[in-house]
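An overview of the molecular structure
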Amino acid sequence: MAGSVKVSRLLTQTLRDPPADSEVDSQRLLVRAGFLRPLGAGIFTYLHLAKRSLDKIERLMREEMDAIGGQEILMPVVHPADLWKETGHWYDIGPEMGRLKDKSGHDLVLAMSHEEVVADLARRELRSYRQLPQLLYHIQTQWRDDPRPRAGLIRAREFTTLDSYSLDADDDGLNRQYRAHMQAYSHIFRRCGLPAVAVQADVGLMGENLAHEFIYLASIGDDTILRCGECGYSANRQVARVGRLPALSELPKPLAKVATPEASTIEELAALLEIPPSRTAKAIFLIATGAQGEPEERFVFVIVRGDMNLSETKLANAIRAREVRPATVEEIRAVGAVPGYASAIGVTQALIVVDEIAAESPNLVAGANEEGFHFLNVNLGRDYRADVVADIAAAEHGSPCPKCGAPLSAQRGVKVGNMSKLGSRTSARLGCTFLDSQGSLRPLLMGSYGIGVGRLLACIAEEHHDSLGLCWPITVAPFTVHLVLLQDASGKPSEVAEALYEDLRASSVEVLYDDRADSPGVKFTDADLIGVPIRLTVAKRALAQGGVELRLRTTGLTELVPPNRLVSRVLELQTSLRRALAGEAAEVSG
Ligand SMILES: [Zn+2]
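Here is a short report on the structure shown in this document. (Residues numbered from 1 in each chain as written. Predicted model: local features only at pLDDT ≥ 70, side-chain atom pairs only at ≥ 80, totals over all residues. Heavy atoms only, no water.)

Focus on the overall build of the protein chain
Rules: We count a stretch as a helix when DSSP gives it H or I for four or more residues in a row; a strand needs E for two or more, and each element gets its number in order from the N terminus. For every residue, the accessible area obtained with a 1.4 Å probe (protein chains only) is divided by the maximum for its type, and the residue is called buried under 20%, exposed over 50%, and partly exposed between those limits. Pairs of residues are marked as contacts when any of their non-hydrogen atoms sit within 4.5 Å. Charged residues are defined narrowly, with Lys and Arg counted positive, Asp and Glu counted negative, and His plus the chain ends left uncounted. Here the site of a charge means atom NZ of a Lys, CZ of an Arg, CG of an Asp or CD of a Glu.
From N to C terminus, the protein chain includes 16 helices and 32 strands. Each of the three principal axes of the protein chain carries a C-alpha extent, and together these read 100 × 65 × 50 Å. Evaluated residue by residue, the protein chain yields a buried proportion of 53% over its 590 residues. Counted over contacts in the protein chain with a minimum sequence separation of 6, partners at least 24 positions apart contribute 71%. The average position of the 66 basic charges and that of the 76 acidic charges among the side chains of the protein chain differ by 4 Å.

Given below as structure tokens:
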């Protein structure tokens, strides 16, 4: 990208003090350095510096998508709601969906995905297997009314994403496009200088192993990732499985009621009976909507082992619930359970869901559904029934790896990309079919993939900064060179700087030229804050020594270069900085 700018012509100035409401370094620095201005909660104006970096990220995305056979299109931001009603998402999605009406009273949706629009396009355009496979992508604005917008661009309400959709005739085709995306996305993150790991992710109601997320591991993230250092298993905590150690080989002992006054928590109970929490059963009460295909609310009685926690995502997937919420005390009492002393024994008016590890554990201590009493030696099957036995316990730091049994480690991260095999889910609902080679009508298989462009920019800023400011990787830096002129009464530095500015532009080097009359201190502080990779300082003293000072933002490496050699030295560094980035391999696992 060509184009150079004088700092004196930029609309915005840097800020000395961080904005009061910013929670993360990337946000503080992007605002202070003049990249970004908030307009409202989770809504931002990207200023010229940010727009240049975004354009570079988007160009790089287009290169990688085109390389795997993508066709760029552009789908609208405002959709007729009828399409979203057809897939049911109009009803399933809560207040985070932007809804409006046009002048005739028709419902409209602000795009939060383009699954519907692609499926609609496919049912109109595709007739035969000969037209497949297809890979459509676009870079477009979306709206999600996040109840808790925070961390600047990391959780914005209006955002731009690279969104792509694969359309295939069969599983082999879908798998091929899925793998191609995995590769293309790894390349995008690597070229942007962002270390991202691919992990298994939640796919809603679809089952396992059909979705991945790319995670930038960082303590500011909202997601928790569990990773195995031994075999490389990695998954979002929402869906991470827990390895099953061999169950205790104990014969069922007779059920016995014991008085356990003031022992209404697992900790108190374990202490009172002098047993580890793993020998107890923990009861959790929830109300699920849409469980097992039934539209109305259902009381769900969940049992996990006392030392484990429930993963609500895994539970919702196991019972195919759209939503789960904690039950109220009245709702708990209504099914005959006593909070603090509850067990599933004798409970009939509930969907009883037992974690598979709890189900395999013999002789657990569980509530007697009577204030102040528990049962010893409770066993599934003999003492109570389960409607569903499933893997619903949350994996934690130290839980055994489901593949090899080694302890998992938990790390926080930011979701920067997602990939999901939708299969025929959406296409079946919208009637997207094609004629296969035998002449029979079959549903189209879809895949959906996305990367948030603004969030990616923020994560790059998060990864590449120091105490003085941003340190952009050359591929996404708004400029390659920050040319700093330290003016002098003689006029000599000004002459050299102007000539250098023209020479660099003539060689297609992007220059941010600080031509202001400010002090060296102000100019250097701004240059460090903005974080352009190469700084050139034209000053009287260095010129007297025969050159211009060249300094790398990241390493601080400084050299004095004669003016007539500067352009070639900059071009040389530009190439080597790009090469260094291309060589840093992105980690892919999962
Ligand atoms: Zn492992």
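Next, the rest of the story.
Considerations on the environment of Thr328
Structurally, Thr328 is set in the loop between strand 17 (323-326) and helix 9 (329-334). The partly exposed category is assigned to Thr328, whose relative accessible area is 34%. Residues Thr328 and Pro563, 235 residues apart in the sequence, show an inter-C-alpha distance of 75 Å.

Things to note about the packing of aromatic side chains
Note the threshold: Two aromatic rings from Phe, Tyr or Trp, using only the six-membered ring of Trp, form a pair when their centres are within 6.5 Å; if the ring planes differ by under 30 degrees the pair is stacked, by over 60 it is edge-to-face, and anything between is tilted.
Counting across every chain of the model gives seven aromatic pairs. With a centroid separation of 6.1 Å and 55° between ring planes, the pair formed by Tyr185 and Phe214 is classed as tilted. Of this pair, Tyr185 sits in helix 6 (residues 171-191) while Phe214 sits in strand 11 (residues 211-217), and the two are 29 residues apart along the sequence. Comparing Tyr185 with Phe214 shows no difference in burial state: the two are buried. Here the aromatic rings of Phe189 and Phe214 are separated by 5.2 Å at their centres, their planes lie at 45°, and the arrangement is tilted. Here Phe214 lies in strand 11 and Phe189 lies in helix 6, a separation of 25 residues in the sequence.

Overview of the pattern of salt bridges
To be explicit about the condition: What makes a salt bridge here is a side-chain nitrogen of Lys or Arg within 4 Å of a carboxyl oxygen of Asp or Glu, nothing more.
Under the defined criterion, the tally for this structure stands at 42 salt bridges. The shortest N-O distance in the salt bridge between Arg123 and Asp120 comes to 2.9 Å. Here Arg123 pairs with Asp120, and both are found in helix 5 (residues 115-125), just three residues apart, close to one helical turn. The exposure class of Arg123 is partly exposed, given its relative accessible area of 22%. Here the residues in one salt-bridge network are Arg16, Asp514, Arg516, Asp518, Lys523 and Asp526, joined through shared partners.

A word on helix 7 (residues 266-273)
The line we're drawing: This arc is built from the directions going out from the helix axis to the C-beta atoms.
Along helix 7, the positions that sit buried rather than exposed are Ile266, Leu269 and Ala270. Along the axis of helix 7, the buried residues cluster in a sector spanning 95°; they form a single face. The exposed residues of helix 7 that point more than 90 degrees off its buried face are Glu267 and Ala271. On its buried face, helix 7 sits against strand 15 (281-289), strand 19 (364-370) and strand 20 (373-378).

A few points about the sheet that holds strand 30 (residues 534-538)
Heads up, the condition is: One bridge is not enough; two strands pair if DSSP finds at least two bridges between them. All axes are obtained by fitting lines to C-alpha atoms, using only the stretch in contact for helices, and the reported angles, taken between N-to-C directions, cover 0 to 180 degrees.
The sheet built from six strands is open, its strands ordered 1-29-28-30-31-32 with mixed pairing. Because the sheet does not close on itself, it has two edges, and the strands there are strand 1 (5-6) and strand 32 (558-561). Alignment of strand 31 (residues 548-552) against strand 32, held across four bridges, turns out to be antiparallel. Its bridge partner lying in strand 32, Glu549 is registered against Leu560. Of the strands in this sheet, strand 28 (481-485), strand 29 (511-514), strand 30 and strand 31 touch helix 14 (residues 520-530), which is tilted by about 175° from strand 28.

Digging into the pairing of strand 2 (residues 36-40)
Bridge count between strand 2 and strand 3 (residues 43-46): four bridges; the pairing is antiparallel. Residue pairing across strands places Gly40 opposite Ile43, the latter belonging to strand 3. Hairpin connection of strand 2 to strand 3: two residues between the antiparallel strands, including Gly42 at a positive phi of 70°.

Describing the nonpolar core
Using the following cut-off: Take the buried Ala, Val, Leu, Ile, Met, Phe, Trp, Tyr and Cys residues and link them wherever side-chain atoms come within 4.5 Å; each set so joined is a nonpolar core.
By size, the foremost hydrophobic cluster in this structure holds 62 residues, and its most contacted members are Phe35, Tyr185, Leu456 and Trp472. In this view, Tyr185 contacts Met65, Leu162, Ser164, Phe214, Asn418, Met419, Tyr449, Gly450 and Ile451; residues no more than four positions away in its chain are not counted.

Thoughts on the environment of Ile451
When you line up the elements, Ile451 lands in strand 25 (residues 445-452). Spatially, the C-alpha atoms of Ile451 and Phe214 are 8.9 Å apart, while their sequence positions differ by 237 residues. Filtering out sequence-adjacent residues up to four positions away, Ile451 remains in contact with Met61, Thr160, Thr161, Leu162, Tyr185, Ile188, Phe189, Val416, Gly417 and Leu456.

Things to note about the packing of helix 2 (residues 48-67) against helix 12 (residues 453-463)
Filter applied, for reference: Oblique is the label for any angle not under 35 degrees, not over 145, and not in the 65 to 115 range, which are roughly parallel, roughly antiparallel and roughly perpendicular in turn. Handedness of a crossing follows from how the near helix is turned relative to the far one, being left-handed for an anticlockwise turn of less than a right angle and right-handed for a clockwise one. In this classification, Asp, Glu, Lys and Arg are treated as charged, Ala, Val, Leu, Ile, Met, Phe, Trp, Tyr, Cys and Pro as nonpolar, and every other residue, Gly included, as polar.
Where helix 2 meets helix 12, the axes come as close as 10 Å, and the angle between the chain directions of the two elements is 110°. Between helix 2 and helix 12, the angle is such that the two are roughly perpendicular. Once helix 2 is placed against helix 12, the crossing between them reads as right-handed. Counted together, Ala50, Ser53, Leu54, Ile57, Glu58 and Met61 of helix 2 and Val453, Gly454, Leu456, Leu457 and Ile460 of helix 12 form the full contact between these two elements. Tallied by class, residues from the contact of helix 2 with helix 12 come to eight nonpolar, two polar and one charged.

Considerations on the sheet that holds strand 15
Reading across from one edge, 17-15-16-18-21 is the order of the five strands in this open sheet, with mixed pairing throughout. One side of each edge strand has no neighbouring strand; the edge strands of this open sheet are strand 17 and strand 21 (388-390). With strand direction ignored, the average angle separating the axes of adjacent strands in the sheet is 30°. Judged from the four bridges that link them, strand 15 and strand 17 form a sheet pairing that is antiparallel.

Focus on the pairing of strand 10 (residues 197-200)
Burial along strand 10 is two-sided: the face carrying Val197 and Val199 and the face carrying Ala198 and Gln200 are both buried. The pairing of strand 10 with strand 11 spans four bridges and is classified as antiparallel. When the bridges of strand 11 are listed, Gln200 appears paired with His212.

A few points about unusual backbone geometry
Residue Leu132 is joined to Pro133 through a cis peptide bond whose omega torsion reads 0°. Residue position: Pro133 is located in the loop between helix 5 and strand 8 (134-143). A positive phi angle is found at Glu262, which is not glycine, with a value near 55°. On the basis of relative accessible area, Glu262 is assigned to the exposed category, the value being 73%. In the Ramachandran plot, Ser508 falls in the positive-phi region, its phi being about 60° despite a non-glycine side chain. The topology assignment puts Ser508 in the loop between helix 13 (492-506) and strand 29. Residue class for Ser508 comes out partly exposed when judged on its relative accessible area of 49%.

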